[in-house]
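Remarks on the overall topology
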Number of protein chains: 2
Amino acid sequence: MILVTNDDGIEAKGIRSLVEMVKPYGDVVVVAPYRVHSGKSHAITVEIPIRYNLLKQYENVKVYGCTGTPVDSVKLAFSAILPRRPDLIVSGINHGSNASVSVVYSGTMGAVIEGCINDIPSVGFSLLDFDPDADFSAAIHYGQNIIEHVMEDGLPARTCLNVNVPPVAQEQVRGIRVCRQARGVWREEFEKRLDPRKGEYYWLTGYFENHENGATDTDEWALENNFVSVVPIQVDFTDYDAIESLKRIQND
Amino acid sequence: MILVTNDDGIEAKGIRSLVEMVKPYGDVVVVAPYRVHSGKSHAITVEIPIRYNLLKQYENVKVYGCTGTPVDSVKLAFSAILPRRPDLIVSGINHGSNASVSVVYSGTMGAVIEGCINDIPSVGFSLLDFDPDADFSAAIHYGQNIIEHVMEDGLPARTCLNVNVPPVAQEQVRGIRVCRQARGVWREEFEKRLDPRKGEYYWLTGYFENHENGATDTDEWALENNFVSVVPIQVDFTDYDAIESLKRIQND
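These notes cover the structure that comes with them. Computed from a prediction, not measured in an experiment: that's the story for all the values here.

1. Points about the overall build of chain A
A count of helices and strands for chain A gives 6 helices and 13 strands. The C-alpha atoms of chain A give 19 Å as radius of gyration, which agrees with the globular expectation for 252 residues (18 Å, within 12%). Based on the C-alpha atoms only, the size of chain A along its principal axes is roughly 55 × 55 × 50 Å. Residues counted as buried form 55% of the 252 residues belonging to chain A. Across chain A, the fraction of contacts at a sequence separation of at least 24, relative to all contacts at a separation of at least 6, is 75%.

2. So, the interface of chain B and chain A
Listed by partner, the interface residues are 67 residues for chain B and 68 residues for chain A. Of all elements in the fold, only α2 (70-81), α3 (107-117), α4 (137-153), β8 (176-178), β9 (184-188), β11 (200-203), β13 (228-234) and α6 (240-246) of chain B reach the threshold of two or more residues within the side of chain B that touches chain A. The residue makeup of the side of chain B that touches chain A, split by class, is 36 nonpolar, 17 polar and 14 charged.

3. Concerning the relation of the copies chain B and chain A
Turning chain B through 180° and shifting it by 0.0 Å along the axis lays it on chain A, with an RMSD of 0.0 Å. Considering both components of the superposition, the chain copies are consistent with a two-fold axis. A share of 100% of the interface residues of chain B reappears at the interface of chain A, consistent with the copies meeting face to face through the same patch.

4. Focus on unusual backbone geometry
A cis amide bond, omega -15°, links Gly92(A) with the succeeding residue Ile93(A). One can find Ile93(A) in strand β5 (residues 88-95). One non-glycine residue with positive phi stands out, namely Arg158(A), at about 60°. Tracing the sequence through the fold places Arg158(A) in the loop between α4 (137-153) and β7 (159-165). Backbone geometry places Asp119(B), a non-glycine residue, at a positive phi of 60°. Within the secondary structure, Asp119(B) sits in the loop between α3 and β6 (122-127).

5. What about the packing of helix α2 (residues 70-81) of chain A against helix α3 (residues 107-117) of chain A?
All names here are of chain A. Put simply, α2 and α3 touch, their axes get as near as 7 Å, and they point 30° apart. Here α2 lies roughly parallel to α3, going by the angle between them. The two elements α2 and α3 meet at a crossing, and its hand is right-handed. Residues Pro70, Val71, Ser73, Val74 and Lys75 of α2 form the contact with α3, whose own contacting residues are Gly107, Thr108, Gly110, Ala111, Glu114 and Gly115. Residues of the contact of α2 with α3, tallied by class, amount to 4 nonpolar, 5 polar and 2 charged.

6. What to know about the sheet that holds β8(B)
Residue and element names in this part refer to chain B. Across the sheet, which stays open at both edges, the 9 strands sit in the order β3-β4-β2-β1-β5-β6-β7-β13-β8 with mixed pairing between neighbours. A strand with exactly one partner marks an edge of an open sheet, and here the two such strands are β3 (52-58) and β8. On average, each strand axis in the sheet is inclined to that of its neighbour by 20°, with strand direction left out of account. Both β3 and strand β4 (residues 61-66) contribute to a ladder of 6 bridges, which runs antiparallel. The residue bridging Lys56 from the neighbouring strand is Val63, located in β4.

7. Here's the deal with the sheet that holds strand β4 (residues 61-66) of chain A
All names here are of chain A. An order of β3-β4-β2-β1-β5-β6-β7-β13-β8 is seen for the 9 strands of this open sheet, with the pairing classed as mixed. In this open sheet, the two edge strands, each paired with only one partner strand, are β3 (52-58) and β8 (176-178). For this sheet the average axis-to-axis angle between neighbouring strands, irrespective of direction, equals 20°. Across 5 bridges, the pairing between β5 and strand β6 (residues 122-127) is parallel. Along β6, the bridge assignment pairs Val90 with Val123. Helix-sheet contacts for α2 involve β1 (2-5), β2 (28-33), β3, β4 and β5, and the interaxial angle to β2 is about 135°.

Reading the values: rules and limits
- In every chain, residue numbers begin from 1 and rise along the written sequence.
- Going through the entries in the order they are written, you letter the chains from A and number the ligands from 1.
- Side-chain atom pairs in this predicted model are given and counted only at pLDDT of 80 or more, local residue features only at pLDDT of at least 70, and totals for whole chains, interfaces and linings cover all residues.
- A run of H or I in DSSP counts as a helix once it spans at least four residues, and a run of E counts as a strand once it spans at least two, with each numbered from the N terminus.
- The globule rule used for comparison is 2.2 Å times the number of residues to the exponent 0.38, while the radius of gyration itself is calculated over C-alpha atoms.
- Counting other C-beta atoms within 10 Å of its own, a residue is labelled buried from 20 upward, exposed at 12 or fewer, and partly exposed in the gap between, with every C-beta atom placed from the backbone.
- Here, residues touch in the contact sense if the C-beta positions derived from the backbone fall within 7 Å of one another.
- For this scheme, ten residues count as nonpolar: Ala, Val, Leu, Ile, Met, Phe, Trp, Tyr, Cys and Pro. Four count as charged, namely Asp, Glu, Lys and Arg, and the remainder, Gly too, count as polar.
- When the copies are superposed, the least-squares fit draws on C-alpha atoms of residues that have pLDDT of at least 70 in both.
- Under this scheme, a helix contributes an axis fitted over its contacting stretch, all axes are lines through C-alpha atoms, and angles between N-to-C directions fall in the 0 to 180 degree range.
- Each angle receives one of four descriptions, namely roughly parallel if under 35 degrees, roughly antiparallel if over 145, roughly perpendicular if within 65 to 115, and oblique otherwise.
- By definition, any crossing whose near helix is turned counterclockwise from its far helix by less than a right angle is left-handed, and any crossing with a clockwise turn is right-handed.
- If DSSP finds at least two bridges between two strands, the strands pair.

Written out as structure tokens, the structure is:
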């Protein structure tokens, strides 16, 4: 049984493409937010209750909508919807990149990390194309390669995958690269506007700044060179290299 | 200049205690959510605009409220409020633990990680006490020790700190331990209820399950033994150890 979720909402073309991708490999249960939850990271809903409904059922697919976030959807699936633990969790296909530091903000990857915390092989897919009608055929093709590897060999303990696909036709994709998260930062430029009562409000905008200097082992390099990038992501955020030097803080 | 934020909202006792903690070390600018944003992780607001207002100003402290998340507050401070980059970012003092895997869900630590992505020394503080009127004196005392170290020596590049304080009187605290994030998971139990029209809704509840087996180098161990825990947190989520073994996926 394969659990499918996303952060673009249950009606996005990306999640329908993801269902097509994984349908050949087992029964599929979709539990995903009703509406868009971009940038929701690993957020959970604690101040209001959440609800879910079965929306449709066809072939080997059941589709549930959830009022919560992507991570809520995974938690609710485990706790209230699925008859047993899923064999695999997939999230996406996101409309837009989740490479480099975007993994930190991504609701798509929030759901994947939640699966990983619960020791279930989990993979997030993103296509570098924001078009609601984007062409997901390369993502489906390479995604199936990756799914087959994961279903056959599993993943290392406490590791999940962040897969990004370049916005080119399938025949232009040069293959898959397993790589590291590029260093970079989103530079924000809040756009100030005035409401009809002259009150100021701000829209978040910004651009990605790549801090790598030509390194060829990063996800950003792979994508710029038309490779599918696969970054193994861990759920232990400890910076082990820093522990020794920081022991001076202990004062003993 | 020190930027202060939190996820319990601008009125929480925790953030007022944090201002007291850092006020001796420089000018303080508070930019924090108006209302509670627990469990918001690294969420950003992209679908609606956000606003902020100067709420009060006294001694060397300015306090701004923001309608967004903790991470929005940091981004807005950088982009629209602060006259220059802050020397330090502190977040909290959270009412409740952010040890072990809770770092992933924490809005307090979301703000800290955002500071770290922007190369500013950043520290998150949490007290293991949900009481709105909790006693923050031990947190202030040990927090000042840690702040002094960070202001003097800085932090390693791309590393921030997750500080948790046990819920005991200051004289019972045994000192500071620099440690790693304990392995564990939140086991969810959604509580099903019926609304007045008989519709089902679910409240997220759960309990933390520690997956360590007596290891003494974790934050959970330190806290159980009345030490203040300090975990260095990194913003590169790559699992470097997994890259080689996963290269089989590349098919080349």
